[in-house]
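Here is what each chain is made of, one letter per residue.
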Amino acid sequence: MSTLPLSGSSASAGLVTDVIEFSVVDGPGNRFVVFLQGCNFDCLACHNPYTIKECIDCGICLDVCTTGALTMVADRVVWTESLCTGTDACIAACPYDSTPKARPQAVADVMARIRRASGFLSGVTVSGGEATQQAGFVHALFSAVKAEFPRLTCFVDSNGAADVAVWDGLDDVMDAAMIDLKCLDDALHVQLTGKSNREVLSSIELLAKRGKLYEVRLLLMAGLNDSDELLAQTGRWLAGIDPTMRIKVIGYRAHGVRPSALPLVEPTAAQREHYADVLRAEAPFDLLVI
Ligand code: SF4
Ligand code: SF4
């Protein structure tokens, strides 16, 4: 797997922001979720903007830590979990969309935590940040999961901006992926994320063709990427791939999002249901609205 991108990680260790031992919103069933640090998008509506960049050890966040959990050791910021009271003042103070809490973790260490929870799990999901930015680590972790717990499914939660080599590299150990489609209109996609949607669209097509697309997620903001015309166009494009595709319609929520030049507005419950109606008019999708 040496061709897989290893940014922020090696095949045996990943730069991990956090883990959740039990989640019911990150794929089917009860899942162990690993959040990886670093993302190739810079979304205006990102709910976890501190996962976007790797820490540059500037030391700014040390000033707001009152418990001694953050120290500078040999020009590196070190976080001592046992002294941390969890206020996340450090994350709020970071001007670089990062966190001092992300740490390299070996596959063996993550596996030890999965082992403890395994009796209650349906699978493991790697999320982010952007999981495919550390595809070498994801492959190594999924390989270890498959070797020890063949009944657990391995999913990737991705923004879809990964090339075919990444999906090829993960193919033997990844059961499926959940892909965010921020916007079908490329110019608007660039405004919303900082990048083109070209790879995202290719990823959706490729994964669907391989039977590895679990769901497409549409994050919709009132008055921005939710016009009937754009939604209908999106529905037609997705229907051309699979008219019974599982689609999750997600209404934007402002919690955790950075101030933005564009107006980001939460849709009402009625608007979210309307989005689903517009999509349903195009094909008999398996739709979930949240
Ligand atoms: S792809 Fe996800 S993690 Fe990356 S910037 Fe966008 S919302 Fe944030
Ligand atoms: S988390 Fe942010 S503020 Fe703290 S040392 Fe890293 S880059 Fe600087």
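Up top you'll find the structure we're talking about.
Residues numbered from 1 in each chain as written. Chains lettered and ligands numbered in written order. Predicted model: local features only at pLDDT ≥ 70, side-chain atom pairs only at ≥ 80, totals over all residues. Heavy atoms only, no water.

A. Examining a nonpolar patch on the surface more closely. Residues Ile 56, Ile 60 and Tyr 96 make up a contiguous nonpolar surface patch of about 270 Å² in total accessible area. Its place among the elements puts Ile 56 in the loop between β2 (31-36) and β3 (70-73). Given the relative accessible area of 53%, Ile 56 is considered exposed. (Patch = residues over 30% accessible without salt bridge, like charges linked within 9 Å, V, L, I, M, F, W, Y side chains within 5 Å. Areas by Shrake-Rupley, 256 points an atom, 1.4 Å probe, with all protein chains shown as cover. Salt bridge = Lys/Arg side-chain N within 4 Å of Asp/Glu carboxyl O. Helix = DSSP H or I, 4+ residues; strand = E, 2+ residues; numbered from the N terminus. Buried < 20%, exposed > 50% of the residue type's maximum accessible area, 1.4 Å probe, protein only.)

B. Expanded view of the nonpolar core. Counting 74 residues, the largest nonpolar core has Ile 114 and Leu 141 as the members making the most contacts within it. Tallying contributions element by element places helix α3 (residues 135-148) first for this core, with 6 residues. Filtering out sequence-adjacent residues up to four positions away, Leu 141 remains in contact with Val 34, Val 107, Val 110, Met 111, Ile 114 and Val 126. Membership of the second largest hydrophobic core comes to 7 residues, among which are Ala 69, Leu 70, Cys 90 and Ile 91. (Core = buried A, V, L, I, M, F, W, Y, C linked by side-chain atoms within 4.5 Å. Contact = heavy atoms within 4.5 Å.)

C. Spotlight on the side chain of Asn 225. By the element assignment, Asn 225 lies in the loop between β9 (213-220) and α7 (228-241). From its side chain, Asn 225 meets the backbone oxygen of Lys 182 in a polar contact 3.1 Å long. Reaching out from Asn 225, the side chain makes a polar contact with the backbone oxygen of Leu 219 at a distance of 2.8 Å. Among all residues touching Asn 225, those that are not within four sequence positions of it are Lys 182, Cys 183, Leu 188, Leu 192, Leu 219, Leu 220 and Leu 230. (Polar contact = N/O pair within 3.5 Å; in protein donor to acceptor, adjacent residues only side chain to side chain.)

D. Quick peek at the pattern of salt bridges. Per the stated rule, a full pass over the model turns up 17 salt bridges. Residues participating in the shared-partner salt-bridge network are Asp 157, Glu 215, Arg 217, Arg 246 and Lys 248.

E. Structural view of the layout of surface pockets. Counted as a void, the largest pocket has a volume near 1,100 Å³. Taken together, 38 residues make up the lining of the largest pocket; nearest its centre are His 47, Asn 48, Asp 157, Asp 180 and Arg 217. In the lining of the largest pocket, the residues fall into 17 nonpolar, 13 polar and 8 charged. Counted as a void, the second largest pocket has a volume near 470 Å³. Lining the second largest pocket are 21 residues, and of these Thr 17, Asp 18, Val 19, Trp 79 and Lys 101 lie nearest its centre. (1 Å grid on protein atoms, 1.4 Å probe; cavity = no way out; pocket = protein on both sides within 12 Å on 5 of 7 lines; lining within 4 Å. Points joined across faces, edges and corners; volume = space filled by probe spheres on them. Nonpolar A, V, L, I, M, F, W, Y, C, P; charged D, E, K, R; others polar.)

F. Up close: the site of ligand 2. Neighbouring residues of ligand 2: 13 residues in total, closest Cys 55, Cys 58, Gly 59, Cys 61 and Cys 94. More than half of the atoms of ligand 2 fall within 2 Å of the grid points belonging to the largest cavity. Counted by class, the shell around ligand 2 contains 10 nonpolar, 2 polar and 1 charged residues. (Near = heavy atom within 4 Å. Sits in = over half its atoms within 2 Å of the grid points.)

G. Just empty space enclosed by the protein, in detail. According to the stated counting rule, one finds 2 cavities of 30 Å³ or more in the structure shown. Here the largest cavity is characterised by a volume of approximately 80 Å³. Lining the largest cavity are Glu 54, Cys 55, Ile 56, Cys 58, Ile 60, Cys 61, Cys 94, Pro 95, Tyr 96, Ser 98, Thr 99 and Pro 100. Classifying every residue of the lining of the largest cavity by side-chain character gives 9 nonpolar, 2 polar and 1 charged. Forming the walls of the second largest cavity are Leu 181, Lys 182, Cys 183, Leu 184, Leu 218, Leu 220, Asn 225, Leu 230, Leu 231 and Thr 234.

H. Representation of the site of ligand 1. Inspection of the region around ligand 1 gives Cys 39, Phe 41, Asp 42, Cys 43, Cys 46, Thr 51, Ile 52, Gly 129, Asn 159 and Lys 182 as its neighbouring residues. Given that more than half its atoms are within 2 Å of the pocket grid, ligand 1 belongs to the largest pocket. When grouped by side-chain class, the residues that make up the shell around ligand 1 number 5 nonpolar, 3 polar and 2 charged.

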